[in-house]
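Read off the chains here:
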Amino acid sequence: MVVQLSLPVLANDTDRFDALIGRLTAEWGDRTEAPRHTEYAARVTRGRFDEWDGRPLTRGEQRRVESYFRAVLRRRILGGSDRSARTARERLVALSIEEDLIRSGWDAARAADEASRAVGLPASA
């Protein structure tokens, strides 16, 4: 069985590169509970887009930075063998299930509870 694991795109109202990286790091650090891995994704993303640092970004550039950050984070977590990577994988699977349920019409709170239950996390995850 092949499963597509996608990270939801979060609301984005940050137009500066450094602020966008800070927001992504904070949000995904909280969502995955893997701050070491989100810091790594931030470093790699900063290195990739260093010429954009300090200037406003277009919407397309913001989406590109966020997509790149999420891809680095996803690869890092899926490839990690440490405890925080394993826990983060469970949380990412729950987030993916939750996103699918919300898109199919479920209430957000109910979707979060069901997704957490499905992967064996506490309902408040």
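Everything here concerns the structure above.
Residues numbered from 1 in each chain as written. Predicted model: local features only at pLDDT ≥ 70, side-chain atom pairs only at ≥ 80, totals over all residues. Heavy atoms only, no water.

Student: Sorry, what's going on with the overall build of the chain here?
Tutor: Summing up its helical and strand segments, the chain has 5 helices and 0 strands in all. Helices and strands appear in the chain in the N-to-C order α-α-α-α-α. Each of the 125 residues in the chain was classed as buried or not, and the buried ones make up 39%. Sequence separation of at least 24 residues holds for 62% of the intrachain contacts in the chain that already meet a minimum separation of 6. Of the accessible surface of the chain, which amounts to about 7,200 Å², a share of 50% is contributed by carbon and sulfur atoms. (Helix = DSSP H or I, 4+ residues; strand = E, 2+ residues; numbered from the N terminus. Buried < 20%, exposed > 50% of the residue type's maximum accessible area, 1.4 Å probe, protein only. Contact = heavy atoms within 4.5 Å. Areas by Shrake-Rupley, 256 points an atom, 1.4 Å probe, with all protein chains shown as cover.)

Student: I keep staring at the pattern of salt bridges and nothing clicks. Help me out?
Tutor: Any two side chains of opposite charge can pair, on the condition that their charged atoms come close. Applying the stated criterion across every chain yields a total of 7 salt bridges. Of the charged contacts in the structure, one is a salt bridge between arginine 36 and aspartate 82, with a shortest N-O distance of 3.6 Å. With a gap of 46 residues between them, arginine 36 in helix α2 (residues 35-48) and aspartate 82 in the loop between α3 (59-79) and α4 (83-103) connect regions that are remote in the sequence. The exposure class assigned to aspartate 82 is partly exposed, which follows from its relative accessible area of 23%. Across the salt bridge formed by arginine 117 and glutamate 114, the nearest N and O atoms sit 2.4 Å from each other. Placement of the pair is arginine 117 and glutamate 114 together in helix α5 (residues 108-119), with a separation of 3 residues, close to one helical turn. The exposure class assigned to arginine 117 is exposed, which follows from its relative accessible area of 55%. Judged by its relative accessible area of 26%, glutamate 114 falls in the partly exposed class. A network of salt bridges, in which partner residues are shared, links Arg23, Glu27 and Glu66. (Salt bridge = Lys/Arg side-chain N within 4 Å of Asp/Glu carboxyl O.)

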